[in-house]
Amino acid sequence: MKLSLSWIFDHLKGSWADYDIQELVRRFNTTTAEIEQVEHITLNTDHFTLGTVLKIDKEKIILFSSELDKELVLPSRTDAAVGGVFLVFHNKNDHRWATLADWHAAKEGLIGALSATEKELEGSWKDSFESEDYILHLDNKSVTHRPDLWGHRGIAREISAILKIKMRPESEIIKKFPVERHESIASSSKERPFSLKIKNPELIKQLGGGSISSISYCPSLIWMAHRLARIDSKPIDAIVDTTNYVMFDIGQPMHAFDAAKIDVKKIEAGCAGREQTLELLDRQTITVDPEDLVISDGAKPLGLAGVMGGASSAVNASTKSIFIEAGCFDAGRVRKTALRVKKRTEASSRFEKSLDPDNVIKALGRFLTLLSENKIEFKLAGPLALLGHAVGQEELKISHDFITSRLGADVPAAEIKKILEALDFGVETKKNVYHLSVPTFRTSKESFVKEDVVEEIGRFFGYNTIPLEMPALKLKPSSLSATFQERNLKNFCAYSLSAHEVTNYAIFDEEFLRQLKWQPAQTVTIQNPVSENWQAMVTSLVPHLIKNVMQNKTERELRFFEYNNVWHKSGTQVIEKKNIAGIIFAKSSLDFYVLKNQLSKLFTMLNIAAEWKEASTTEPWMHPYQTARIEVAGANLGYAGMANSTFLANVVEGSAFIFELDVQELTKHAATDKQRFTQLAKYPSTWFDISMMIARTISVEQIKKTILSADGRIYKVELVDFYEKDEWQDQRSVTVRFFARDAEKTLSQQEIDHLYDHVLMKLKNNGAVIR
């Protein structure tokens, strides 16, 4: 975006010539936004003269220059008319039409017809002409969050705070005109011939308009045409130029319609409602979408709201009356329309940033003021109409302590007040608390919060004035179990399963889902997706793992795993959880039991007693009869099994083993106690097998407890075998093995025999018959 420094200083009480421009740019870059280039331009007006067209032939045009007191002969041009005034470049005896490039414009073409008085034709126009200026090339990307900086006045406000100079008040640049406020409709009247209506209030915050029943059409004003050309806006005529000047001046686009070309005397703003054709100002005919915002006469569109006007109601040399309009249109809708019709205009670039609704009426007032100041005669038919609800200023309270603690520097209260007032904030101080009225141009995009206020103060106070101090970090112990658990899971998949880790996008690839012939249900969708192909958050990690296989399908065997989040809806609630999933793919057949055994080692590693249960899966990519549900203590860990070959064949040929597990459930049931080394026994142990016939009603667990209770030196009892026969009725044969040792010495034979006898006695007391 190009900005004229002379134009900026029109809004300031001072002259740019009094300041070091390079230092000003440096300070602007450190406080506000990036100026990428500074272009110092000068113009030698001695090389230019105004000429009045006397005669037009097919191949030449004869002009008369009052300043040079001579006739000039130049090649023919299509926009010339007898009596028209044009700028001529002359150097000694060489004459040619002046071009936009002569005025340092990047656009190509000749400078159009100009308005000039008799004195100006004699050369007096040079006395007030801005022959020197600085053009600032502002990086657009650095001000996308600041709609107020898309006009010269907004930039001037920042510079006033930097240089600590006064702004010219709005009352000096915008005269007061009568205004009537309405909710959504301003009916026509005898005094005001046009009605004005908002059809979609949810998309149009404010709409303003006014009828000018008579206006003196004239070509471009020299000074205005020159300023517009310097910032690459092509001059057209005084009326159109003034609408463009208002946009570049205060950042609010507006439009002028030829009133005589609108028969029904209605101006409506809202959605088109149906497909219609519209010829734009650039003579391209487009099809208007029903969702596009348009300015219409109630039946047919007159222009694309916020993008470009239509040719049918364009101002031209025959215009004698106009209707002026300005609005605050929905940023998203304007951007969508501009991208669809491939018309990214200066107006749409500004509307996309969410403009200040209060600027609507200011733009109309600024337009009328410029007409008055430049002595362009006009008659306003009745008061201006303003539709929509008034936008109030946000109120905010912030303490001095909050500001200083966040900045890390003690900024004087007087300095804070001065900075905020320079930026048009209303400031009152009560008991160390600032009561702020935030200007609407700072809240049109998003609400202003305390931290935003701190940033405003910090950037003008100067971050380089804040003492450098390393931030204090309070360290406190915390559990690392989750981190180590994640590491263990990934290590198992990477080393035990020999799988490669992948990290896929958190949003489903709709194009791939169509290839899979599957669409998820209960998804969490993105409110403003960057693409129609990426809208729903993933509900499972498996589809994208299948996509990874498809992308590498030339390989005979592939193993991938992913550790990531998934999202799904439960009613209106959004549930987010962490899953780990894997796919083992081969072009040949795979053995379910071999792969099940490999995955089971994961549960062994985590010390989880996992149970594999038969399940009829709801996942379409799983085989209905070769899928297991994995549980522990009644809780569902996930599923594992063979892939459905029919489903897989949509994208790749082969077989696959797939699993997807809930990380939270895995972590919850994994043993958290660390396994510690147990000291080996110093003295040898001994063991005995005992076979017995015993009642079926006595469990093996009861037998173990009986043996352990016989002597404290017995430390382990194991079941070796058991056997039952029908003829034994309520008896069965059981063989157990018990182990014993003494921690202080080696057991003697006598002690061993005594211990063994004691065990036999205990068993017999429980009805056992020793065999």
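Further up the page is the structure itself.
The following refers to the structure shown. In this text the structure is predicted, and so the values were computed from the model without any measurement.

Each value, and the rule that gives it
- Each residue is numbered by its place in its chain's sequence as written, counting from 1.
- Local features in a predicted model are, by the rule used here, given only for residues with pLDDT of at least 70; side-chain atom pairs are given and counted only at 80 or more, and totals for whole chains, interfaces and linings are based on all residues.
- Water and hydrogen atoms were dropped before computing side-chain values, which therefore reflect all heavy atoms in the structure.
- Only DSSP runs of H or I covering at least 4 residues are called helices, and only runs of E covering at least 2 are called strands; the numbering of each starts at the N terminus.
- Three labels apply to residues, based on accessible area from a 1.4 Å probe with only protein chains included: buried if under 20% of the type maximum, exposed if over 50%, partly exposed otherwise in between.
- In this analysis, two residues are considered to be in contact whenever any of their non-hydrogen atoms come within 4.5 Å of each other.
- Per-residue accessibility takes into account occlusion by the displayed protein chains alone, with areas from the Shrake-Rupley method and a 1.4 Å probe.
- The set of buried Ala, Val, Leu, Ile, Met, Phe, Trp, Tyr and Cys residues whose side-chain atoms join them within 4.5 Å is what this entry labels a nonpolar core.
- Two rings from Phe, Tyr or Trp (for Trp, the six-membered ring) form a pair when their centres sit within 6.5 Å of each other. Planes less than 30 degrees apart are called stacked, planes more than 60 degrees apart edge-to-face, and all others tilted.
- Working rule: Lys NZ or Arg CZ, within 6 Å of ring centre, within 35 degrees of ring normal, means a charge sits over the ring.
- At least two DSSP bridges between two strands are required for those strands to pair.
- Angles run from 0 to 180 degrees between N-to-C directions of axes, and those axes are lines fitted to C-alpha atoms, restricted for helices to the stretch in contact.

**Here we look at the overall build of the protein**
Each helix and strand counted, the protein has 21 helices and 37 strands in total. For the protein, the residues scored as buried account for 50% of the 771 residues in total. Look at the contacts in the protein between residues 6 or more apart in sequence, and 68% of them connect residues 24 or more apart. As presented, the protein carries roughly 39400 Å² of accessible surface, and 48% of it is formed by carbon and sulfur atoms.

**A short note on the nonpolar core**
Counting residues in hydrophobic clusters, the biggest one holds 48 residues, and the most contacted among them are Leu 5, Ile 8 and Ile 457. Of the residues forming this core, the biggest block, 6 residues, is contributed by helix H4 (residues 152-163). When neighbours within four sequence positions are excluded, Ile 8 is seen to be in contact with Leu 3, Leu 136, His 152, Ile 155, Ala 156 and Ile 159. Ala 272, Leu 278, Ile 286 and Phe 329 belong to the second largest nonpolar core, which has 35 residues in total.

**Thoughts on the packing of aromatic side chains**
Applying the stated criterion to the full structure yields 22 aromatic pairs. Ring geometry for Phe 9 against Tyr 19: centres 6.1 Å apart, planes inclined by 35°, an arrangement best described as tilted. Pair noted here: Phe 9 is in helix H1 (residues 5-9) and Tyr 19 is in the loop between H1 and helix H2 (21-31), with a separation of 10 residues, a long-range link. Here a set of aromatic residues connected by ring pairs shows up, and it is made of Phe 508, Trp 518, Trp 621 and Phe 647. Between the NZ or CZ atom of Arg 96 and the centre of the ring of Phe 89, over which it lies, the distance is 4.1 Å.

**Structural notes on the sheet that holds strand S37 (residues 769-770)**
One open sheet accounts for 4 strands, arranged S35-S36-S34-S37; its pairing is antiparallel. Strands with a single pairing partner mark the edges of an open sheet, and in this sheet they are strand S35 (714-723) and S37. Bridge count for S35 against strand S36 (residues 731-740) is 8 bridges, and the pairing is antiparallel. What sits directly across from Asp 721, in S36, is Thr 735. The sheet strands contacting helix H20 (residues 700-710) are strand S34 (686-695), S35 and S36, and the helix crosses S35 at an angle near 145°. Strand contacts of helix H21 (residues 749-765): S34, S35, S36 and S37, with the helix running at about 15° to S34, the strand carrying the most contacts.

**Describing the side chain of Glu 415**
Inspection of the secondary structure assignment puts Glu 415 in helix H12 (residues 413-422). Take Glu 415: its relative accessible area is 18%, and that puts it in the buried class. Setting aside residues up to four positions removed in sequence, Glu 415 forms contacts with Lys 164 and Phe 461.

**Describing the environment of Glu 744**
Inspection of the secondary structure puts Glu 744 in the loop between S36 and H21. C-alpha separation for the pair Glu 744 and Lys 343, spaced 401 residues apart in sequence, amounts to 94 Å.

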